Amino acid sequence: MNKTMKKIIISLCFLVTGISVGQEKKSISLEEAIKIAQEKSPDYKALLNQNQASYWRYRRYKASFLPQLRLDATLPRYSNSVNRLTNDSGQDIFVRSNQSSLDAALSINQNVALTGGTISLSSQLERVDVFGDNATTGYSVIPFSINYRQNSLFYNEFKWDKKIEPLIYEEAKRGFIESMEQISLNTCRRYFSLLKSQVQSKIAQTNLSNQDTLFQIAKGRFKMGKIAENDLLQLELSVLNSQNTVTTNEIDFKRSSQNLSRYLSLESENLLLNIPKELSIFSVTVEKALEEAKSNRKAVIEFRRKRLEADKEVAEVKGSNRLQLRLNANFGVSQQGNVFNELFQDYNQQQNISLGVGIPILDWGVSKSRRKLVEANRDLLNTNVAQDEQEFEQEIYLHTLNWQNQRNFLETSKKAQDIATKRYEITNKRFILGKITITDLNLALQEKDRSVLQYLNSLEKFWVDYYTLRRLTLYDFVKDKKIEVEDIIYD
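Conventions used here
Residues numbered from 1 in each chain as written. Predicted model: local features only at pLDDT ≥ 70, side-chain atom pairs only at ≥ 80, totals over all residues. Heavy atoms only, no water. Pairing = 2+ DSSP bridges. Helix = DSSP H or I, 4+ residues; strand = E, 2+ residues; numbered from the N terminus. Axes fitted to C-alpha atoms, helices over the stretch in contact; angles between N-to-C directions. Salt bridge = Lys/Arg side-chain N within 4 Å of Asp/Glu carboxyl O. Buried < 20%, exposed > 50% of the residue type's maximum accessible area, 1.4 Å probe, protein only. Core = buried A, V, L, I, M, F, W, Y, C linked by side-chain atoms within 4.5 Å. Contact = heavy atoms within 4.5 Å. Phe/Tyr/Trp six-rings, centres within 6.5 Å; stacked < 30°, edge-to-face > 60°. Lys NZ or Arg CZ within 6 Å of the ring centre and 35° of its normal. Patch = residues over 30% accessible without salt bridge, like charges linked within 9 Å, V, L, I, M, F, W, Y side chains within 5 Å. Areas by Shrake-Rupley, 256 points an atom, 1.4 Å probe, with all protein chains shown as cover. Arc of directions from axis to C-beta. Parallel < 35°, antiparallel > 145°, perpendicular 65-115°, else oblique. Left-handed = near helix turned anticlockwise from the far one by under 90°. Nonpolar A, V, L, I, M, F, W, Y, C, P; charged D, E, K, R; others polar.

**Q** Explain the sheet that holds strand β4 (residues 117-130) to me, please; I cannot follow it from the model alone.
**A** The pairing of strands in a sheet comes from backbone hydrogen bonds and takes either a parallel or an antiparallel form. Spatial strand order, β2-β3-β4-β5-β7-β8: six strands in an open sheet with antiparallel pairing. For this open sheet the edge positions go to β2 (68-86) and β8 (348-358), each flanked by a neighbour on one side alone. Here the average twist between neighbouring strands, direction ignored, is 20°. Pairing of strand β5 (residues 136-150) with strand β7 (residues 324-337) involves 10 bridges; the strand directions are antiparallel. Note on β7: the bridge partner recorded for S140 is Q336.

As structure tokens, then:
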């Protein structure tokens, strides 16, 4: 090997491995990478932001059924103007008004889930000051007033919310766990992308070194007339191709290293990955996978929630489509006067009740069309949901069957790699002894490199399928328990 070739090899080795003075590679396993990704990755940060909406929506829903204390007030309002009024004789006259007013109301409101209405208890106070020659001050007070209002007697929105909102929140929580498993899956793919680039880079460096050594040996044999010039040129071409392969793998290695380190939010790109070990042997039946998926997946909640939302829309249209009734009732006491201390005695009672009725007499089929439309939408949704349920079960069924064969595929590819590696070592020794041609050596080399890559691909598929199985069932079959994530509280 000449000095120039040695310098090229050494330089390329340093570029690919990323080793420099004062820098060390950070060793990391697949499990460690997944743990980091589930705490620092961009996907996790985006997931937290998305999960906030569902959390606060549920908090708002729960709070809507708690008593609400409210203060409404009008700050001093002053008016000095001429206004047109109608007197007792029916004549319009112009009167100057110079006065200010102030009012405030304190109320407690409570939604009633049983009926769909709102009941409130309120207290009001109003003061009016008239300025001028006949200055006076007047008060009006309502110590307490009980009011009940309901927009529709045939449609109870609160009843439907009590059924749907908890499902939406539970769906979001399960979706959070599924997304965490998707992060594991994304990390696994990035991990193996870098691992394969790392292994391919080492293979390329080794092949370049071996090809150059064989080329130097061949040059000596060519001078002694033991090999043909064609074989020498073939070896030289192999050296050149190996140099190009090293350069290409260097670029892929850098790209894969950046993808993983940035996904994990690591400061260093000098990562040394370990080849993951096989999982302990465990069995997964289709029945068990389907049982856990139906118990844990958010899709099952989503199917139920969609059906309820469709039923809610039908109930709303039916409740207001023909006969509309609105109820408003009030009971309380009040008093008016010019002396504030005299307001809280000899109260005047006040009661009122109103029932609003709306009946469409001639609407040219609008009401019927609305009802038929929402019923058709509900039927269509039920059909789509039923199809989604079938696809849901089919996906789990097929993936479970596929998983049952993954370990066999992995063992086969591992055995093929060992055989191809051993065959290349034997072929290389025979070539050095001059018993085979360069063509046979190159074929053995290609098969060896291909078998190594096929084994890594099988290993990647093994782990990707494993984390896919976890995501599809939200069940850890190694630990034999459901996958759970601690609740996240947003202050």
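Next comes the rest of the write-up.
**Q** Would you mind showing me how to read the pattern of salt bridges here?
**A** Where charged atoms of side chains with opposite charge meet at close range, the side chains can pair. Using the criterion set out here, one finds 25 salt bridges in the structure. In this structure, the salt-bridge partner of K294 is E393, at a minimum N-O distance of 3.1 Å. A residue pair is termed long-range when its members are at least 10 positions apart, and K294 in helix α6 (residues 286-296) and E393 in helix α8 (residues 366-432) qualify at 99 residues. With a shortest N-O distance of 3.3 Å, K414 and D418 are connected by a salt bridge. Here D418 and K414 lie together in helix α8, a separation of four residues that amounts to about one turn. Taking relative accessible area as the criterion, D418 reaches 41% and is therefore assigned partly exposed. Among the charged side chains, a salt-bridge network with shared partners connects E170, K173 and R174.

**Q** In this structure, what is going on with the pairing of strand β3 (residues 92-112)? I would like to understand it.
**A** The side chains of a regular strand alternate, residue by residue, between the two faces of the sheet. Of the strand pairs in this sheet, β2 and β3 are connected by 17 bridges, and their pairing is antiparallel. Across the sheet, Y78 pairs through a bridge with S100, a residue of β3. Counting the residues that bridge the hairpin from β2 to β3 gives five residues, and of these G90 lies at a positive phi of roughly 85°. Sheet topology note: the β3/β4 ladder contains 14 bridges and is antiparallel. Bridge assignment links A104 to a residue of β4, and that residue is L125.

**Q** It is not clear to me how the nonpolar core should be interpreted in this structure. Could you clarify?
**A** Nonpolar side chains in soluble globular proteins tend to be buried together. Grouped together as the largest cluster of nonpolar side chains are 52 residues, with contacts concentrated most on Y191 and W463. If we ignore the near neighbours within four places in the chain, the residues touching W463 are L30, E31, C188, F192, P276, K277 and L279. Listed in part, the 17 residues of the second largest apolar core include A204, F431, L441 and A444.

**Q** Which parts of the structure should I look at to understand the environment of T437?
**A** Inspection of the secondary structure assignment puts T437 in the loop between α8 and α9 (438-473). Exposure remark for T437: the relative accessible area of 40% places this residue in the partly exposed category. When the C-alpha atoms of T437 and Q345 are compared, they prove to be 119 Å apart, with 92 residues separating the residues in sequence.

**Q** How should the packing of aromatic side chains be read in this particular structure?
**A** By convention here, two paired aromatic rings are described through the distance between centres and the angle between planes. Scanning all chains against the criterion turns up 19 aromatic pairs. Judged by centre distance (5.1 Å) and plane angle (80°), the rings of Y55 and W56 are edge-to-face. For Y55, a relative accessible area of 7% translates into the label buried. Judged by centre distance (5.6 Å) and plane angle (75°), the rings of Y61 and F65 are edge-to-face. An aromatic cluster of three or more residues is present, and its members are F282, W403, F462, W463, Y466, Y467, Y475 and F477. Positioned above the aromatic ring of F65, the side-chain terminus of K162 is 4.6 Å from the ring centre.

**Q** I would appreciate a short explanation of the side chain of T400 in the present structure.
**A** Along the chain, the position of T400 falls in helix α8. Discounting residues that sit within four places of it in the chain, T400 has contacts with V284, T285, V286, A289 and L469.

**Q** Sorry, what's going on with a nonpolar patch on the surface here?
**A** Together, L69, L71, L106, I108, I119, L121, F144, I146 and F331 line one region of the surface with nonpolar side chains, adding up to about 810 Å² of accessible area. By the secondary structure assignment, L69 is in strand β2.

**Q** Would you explain α6 in this entry?
**A** In an α-helix there are 3.6 residues to a turn, and that puts residues three or four apart on one side. Taken together, the buried positions of α6 are V286, A289, L290, E292, A293 and N296. Projection of α6 onto a plane perpendicular to its axis shows the buried side chains occupying an angular sector of 165°, all on one side. Of the surrounding elements, those touching the buried residues of α6 are α4 (157-223), α7 (298-321), α8, α9, β9 (475-476) and β10 (481-482).

**Q** Any chance you could explain the packing of helix α2 (residues 30-40) against helix α3 (residues 42-63) here in plain terms?
**A** Two measures define how a pair of helices packs: the angle their axes make with one another and the distance between the axes. One can describe the packing of α2 onto α3 by two numbers: an axis separation of 5 Å at closest approach and a directional angle of 40°. Classified by the interaxial angle, the pair formed by α2 and α3 is oblique. Where α2 crosses over α3, the handedness of that crossing is right-handed. Two secondary-structure elements touch here, α2 through A37, Q38, E39 and K40 and α3 through P42, Y44 and K45. When its residues are assigned to classes, the contact of α2 with α3 shows three nonpolar, one polar and three charged.

**Q** In this structure, what is going on with the environment of L453? I would like to understand it.
**A** Inspection of the secondary structure assignment puts L453 in helix α9. A sequence separation of 184 residues divides L453 from E269, and the C-alpha atoms of the two residues are 23 Å apart. When neighbours within four sequence positions are excluded, L453 is seen to be in contact with K196 and Q200.

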